[in-house]
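Residue-level structural notes
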Amino acid sequence: MAQATGERPEARARRGERLDLDIESLAFGGRGVARAGGLVVFVSGGLPGDRVRAEVTKGKRRFAEARTVELLRPGADRVADRCIHGGEPCPGSPWQGLPYERQLVHKREQVDEALRRIGDLDGFELEEIEPAAEQWRYRNKLEYSFGEREGEPVLGFHARGRWDLIVDVEDCLLASERGNAARNEVREWARQESVPAYDRRTHEGVLRNLVVREGRRSGQVQTRLVTSAARLPKPPVDLHTAIEGDSGGTEGPTGVLGEERLREELCGLRLEMSHGAFFQTNTEMAERLYAVAADYAGLSGAERVFDLYCGIGTIGLTMAKGAGEVWGLEIVPEAIADAERNAERNGIENARFMAGSARTGVRPLIERAGKPDVVVVDPPRAGLSQKIVRRLIECEAKRIVYVSCNPTTLAPNAAQLGEAGYSLRRVKPVDMFPQTPHIECVALLEKT
């Protein structure tokens, strides 16, 4: 057993090697940071103050990645884990051992560091972080994987650092009681009907994933079973997706067995969405996130607003009553159909939607609608490509409201916009995902 005492500053850690380490701090992304001689080790499952036994999963010359296999001594601030599956902390709650107040401090610091270090940005107002309304049972969507144990199906999460081991779940504290009950019903059906789980190594078996979505306000729970293409007894789910071949994804031809669309209420709007459409996974905090975005937009009732990556139209529709007109752009045609239905359902007549990518659709949108006063953009974790940033600049909007789920991609995008004459004015972190290192934020950029 190697010790983290400086024994081998020039040696490269070997995959599978075990190290006893003292966790000093947290890296962006939530892993603990330790040192073994001259080697920096990023440790999943380690929190500041912990002494852990960690197994190396990747070794480089100056750093290594590892996963905690044993907590030798907890840090002074560590709190007891609450969400435990198979004797291990829930893989979806890697920060549950960190007091919630500390989680908020670290997340705000991550946003500040990313903007200053990666974007070389300064002069902006970093507002206080918005804490979550609920620290547990807040997710309206969870995706589970099937595996096998002692010859019968299990349904839960991949064990930390493992692609080949599924930890069975009985009650996940990220999900509501209704969501847990829906998952457990499908697992019991699989056991009673003796339907085998899909094995990613041999490519044999049937059951792959289960996606559970919930309308927090409507009370609806929608389940979608993902399987290999095979005959099977009718499952107790709303939707069934059959996947050909060895794909590891969850998207494919989907048949309807129950409720086709999920119903929800948000910011006073009645919404419906297709199974493939994006919707924020924390309903209560999505309302707060969109309220911040509306505040930053500074609408007076006359502005033309572009809502890029609009999904089912949530942000644009929540802003419509304060705007002159809203135009949404989204690459998923089913989501655009949802957005149009949602506008009609809520009697909103000043919102229009177009199917198209942000890369190729902005210019046609400008030709159709004219240039906007405000652009709201809510991209995926990868942020905006340089070409999309150029399309954004071509809009010549007075204000850009950037809703970000990843400050490390917000930072370079804000810097690129800064080179085109936009100043980063305000940034508000919003905690959508307690017990995890993930952090959303809203940024306001104004043309100078």
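Quantities reported herein were computed from a predicted structural model and do not represent experimental measurements.

1. Structural notes on the sheet that holds strand 11 (residues 141-149)
Here we have seven strands laid out as an open sheet, ordered 13-12-11-14-15-16-17, and mixed in their pairing. One side of each edge strand has no neighbouring strand; the edge strands of this open sheet are strand 13 (166-168) and strand 17 (254-256). This sheet shows a mean twist of 35° between the axes of neighbouring strands, independent of strand direction. Each of strand 11, strand 12 (152-158), strand 13, strand 14 (207-214) and strand 15 (221-228) is contacted by helix 2 (residues 177-192), which is oriented at about 155° to strand 14, the strand it contacts most.

2. Considerations on the packing of helix 7 (residues 386-394) against helix 8 (residues 407-419)
Between two packed helices, the angle of one axis relative to the other and the distance separating the axes together describe the packing. At a minimum axis separation of 10 Å, helix 7 and helix 8 run at an interaxial angle of 45°. Taken together, the axes of helix 7 and helix 8 lie oblique to each other. Here the hand of the crossing between helix 7 and helix 8 comes out right-handed. Across the interface between the two elements, Q386, V389, L392 and I393 from helix 7 touch N413, Q416 and L417 from helix 8. Partitioning the contact of helix 7 with helix 8 into residue classes produces four nonpolar, three polar and no charged.

3. Regarding the sheet that holds strand 10 (residues 125-126)
Strand order in the open sheet made by the eight strands is 10-25-26-24-23-20-21-22, with mixed pairing throughout. On the outer flanks of this sheet lie strand 10 and strand 22 (351-355), each paired with one strand and no other. Alignment of strand 20 (residues 304-308) against strand 21 (residues 325-330), held across five bridges, turns out to be parallel. Paired with L308 across the two strands is L329, which belongs to strand 21. Contacting strand 21 and strand 22, helix 5 (residues 333-345) runs over the sheet at an angle of about 170° to strand 22. Running at roughly 155° to strand 20, helix 6 (residues 362-369) makes contact with strand 20, strand 21 and strand 22 of the sheet.

4. Remarks on the layout of surface pockets
Taken as a whole, the largest pocket encloses approximately 1100 Å³ of empty space. Together, 41 residues line the largest pocket, and F278, T281, R381, C405 and F433 are the ones closest to its centre. For the lining of the largest pocket, the elements supplying multiple residues, two or more each, are strand 11, strand 12 and strand 21. In terms of residue class, the lining of the largest pocket is made up of 21 nonpolar, twelve polar and eight charged.

5. Structural notes on the pairing of strand 7 (residues 63-73)
Bridge analysis of strand 5 (residues 39-44) against strand 7 gives five bridges, and the strand direction is parallel. Its bridge partner lying in strand 7, F42 is registered against E65. Adjacent in sequence and paired antiparallel, strand 6 (residues 51-59) and strand 7 are bridged by three residues.

6. Regarding the pairing of strand 21
Among the six residues in strand 21, five count as buried, and that is most of the element. For the crossover that starts at strand 20, traverses helix 4 (residues 314-319) and ends in the parallel strand 21, the hand is right-handed. Strand direction decides the pairing type here: strand 21 and strand 22, joined by five bridges, are parallel. Along strand 22, the bridge assignment pairs E330 with A355.

7. Some details on the environment of R345
You can see R345 is positioned in helix 5. When its relative accessible area of 24% is taken as the criterion, R345 is described as partly exposed. Note: C-alpha distance between R345 and E440 (95 residues apart in sequence) is 29 Å. Side chain to side chain, R345 and E272 meet in a polar contact 3.3 Å long.

8. Re the packing of helix 1 (residues 100-118) against helix 8
Their axes nearest at 8 Å, the elements helix 1 and helix 8 cross at an angle of 35°. For helix 1 against helix 8, the interelement crossing comes out right-handed. Residues V111, A114, L115 and I118 of helix 1 form the contact with helix 8, whose own contacting residues are P407, T408, L410, A411 and P412. In terms of residue class, the contact of helix 1 with helix 8 is made up of eight nonpolar, one polar and no charged.

9. Description of unusual backbone geometry
Phi is positive for D120, close to 50°, though the residue is something other than glycine. Along the polypeptide, D120 turns up in the loop between helix 1 and strand 10. Judged by relative accessible area, which is 69%, D120 ranks as exposed. Even without a glycine there, the phi angle at S194 is positive, about 55°. With respect to the helices and strands, the residue S194 is situated in the loop between helix 2 and strand 14. A relative accessible area of 61% means that S194 is categorised as exposed.

Thresholds, definitions, all that
- Residues numbered from 1 in each chain as written.
- Predicted model: local features only at pLDDT ≥ 70, side-chain atom pairs only at ≥ 80, totals over all residues.
- Heavy atoms only, no water.
- Pairing = 2+ DSSP bridges.
- Helix = DSSP H or I, 4+ residues; strand = E, 2+ residues; numbered from the N terminus.
- Axes fitted to C-alpha atoms, helices over the stretch in contact; angles between N-to-C directions.
- Contact = heavy atoms within 4.5 Å.
- Parallel < 35°, antiparallel > 145°, perpendicular 65-115°, else oblique.
- Left-handed = near helix turned anticlockwise from the far one by under 90°.
- Nonpolar A, V, L, I, M, F, W, Y, C, P; charged D, E, K, R; others polar.
- 1 Å grid on protein atoms, 1.4 Å probe; cavity = no way out; pocket = protein on both sides within 12 Å on 5 of 7 lines; lining within 4 Å.
- Points joined across faces, edges and corners; volume = space filled by probe spheres on them.
- Buried < 20%, exposed > 50% of the residue type's maximum accessible area, 1.4 Å probe, protein only.
- Right-handed = clockwise from strand over helix to strand, strands pointing away.
- Polar contact = N/O pair within 3.5 Å; in protein donor to acceptor, adjacent residues only side chain to side chain.

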